Amino acid sequence: YSEERMINKALRYVLKPEHNKYKVYMHNFSGFDANLLLSYMVKLGEVKPLINDGRIINVTLKSKDCSVTFLDSYQLLPASLSKLASTFEVTGKYYYPYKLLINNNI
């Protein structure tokens, strides 16, 4: 799978009618994920970002049958995921082995 195919497939999955009016939280969404996802979202429907002081607070993605809002959980809980896991006494963030994704290993 290419990055584009994976992201498009995930966004199309979220945009199903049974997910209408869902809210999807991503930690630090406005810091990274929103910038990455916006270029994919505009190809799938109407995109309405809410911006405050130059930061994306949330993005609503609307298709013919569905509207889903993506929000930044860091805006509600301003701490790292590892700190939050410790605070709430749950299993921490898993780490993805990015170094395995070099062309020689794929």
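Please refer to the structure higher up on the page.
Reading guide: rules and limits
Each residue is numbered by its place in its chain's sequence as written, counting from 1. The model is predicted, so local features are restricted to residues of pLDDT at least 70 and side-chain atom pairs to those at 80 or more, both for listing and for counting; the totals for chains, interfaces and linings are taken over all residues. Excluding hydrogens and water, the side-chain values take into account all heavy atoms of the structure. Salt bridges are defined by distance alone: a side-chain nitrogen of Lys or Arg within 4 Å of a carboxyl oxygen of Asp or Glu. Partly exposed residues are those whose accessible area sits between 20% and 50% of the maximum for their type, while under 20% is buried and over 50% is exposed, using a 1.4 Å probe and protein chains only. Every helix listed is a DSSP run of H or I at least four residues long, and every strand listed is a run of E at least two residues long, numbered separately from the N terminus. If DSSP finds at least two bridges between two strands, the strands pair. Here an angle of 0 to 180 degrees is reported between the N-to-C directions of two axes, which are lines fitted to C-alpha atoms, with helices fitted over the stretch in contact. By definition in these notes, contact holds between two residues if any of their heavy atoms fall within 4.5 Å.

## Thoughts on the pattern of salt bridges
Then step 1. Across all of its chains, the model carries two salt bridges by this definition.
Then step 2. Residue Glu 46 pairs with Lys 48 through a salt bridge whose shortest N-O separation is 3.5 Å.
Then step 3. What makes Lys 48 partly exposed here is its relative accessible area of 42%.

## Examining unusual backbone geometry
Excluding glycine, a negative phi dihedral is what most residues carry, and trans is how most peptide bonds are arranged.
Then step 1. You will see that Asp 53, though not glycine, has its phi angle at about 50°, which is positive.
Then step 2. Following the sequence through the fold, Asp 53 ends up in the loop between strand E2 (46–52) and strand E3 (55–62).
Then step 3. Non-glycine residue Glu 89 carries a positive phi angle of around 55°.

## Here we look at the pairing of E2
Then step 1. By the bridge criterion, seven bridges tie E2 to E3 in an arrangement that is antiparallel. Directly across from Ile 51, in E3, lies its bridge partner Ile 56.
Then step 2. As consecutive antiparallel partners, E2 and E3 are separated by two residues, and within that stretch Asp 53 has a phi angle of approximately 50°, a positive value.

## Some details on the sheet that holds E3
Then step 1. The strand order E1-E4-E3-E2 describes an open sheet built from four strands, whose pairing is mixed. A single partner strand is all that each edge strand has here, and the edge strands are strand E1 (23–26) and E2. For this sheet the average axis-to-axis angle between neighbouring strands, irrespective of direction, equals 20°.
Then step 2. Across four bridges, the pairing between E1 and strand E4 (residues 67–72) is parallel. Opposite Met 26, over in E4, you have Asp 72 as the bridge partner.
Then step 3. Across the sheet, helix H2 (residues 29–41) touches E1, E2, E3 and E4, and the angle it forms with E3 is around 30°.

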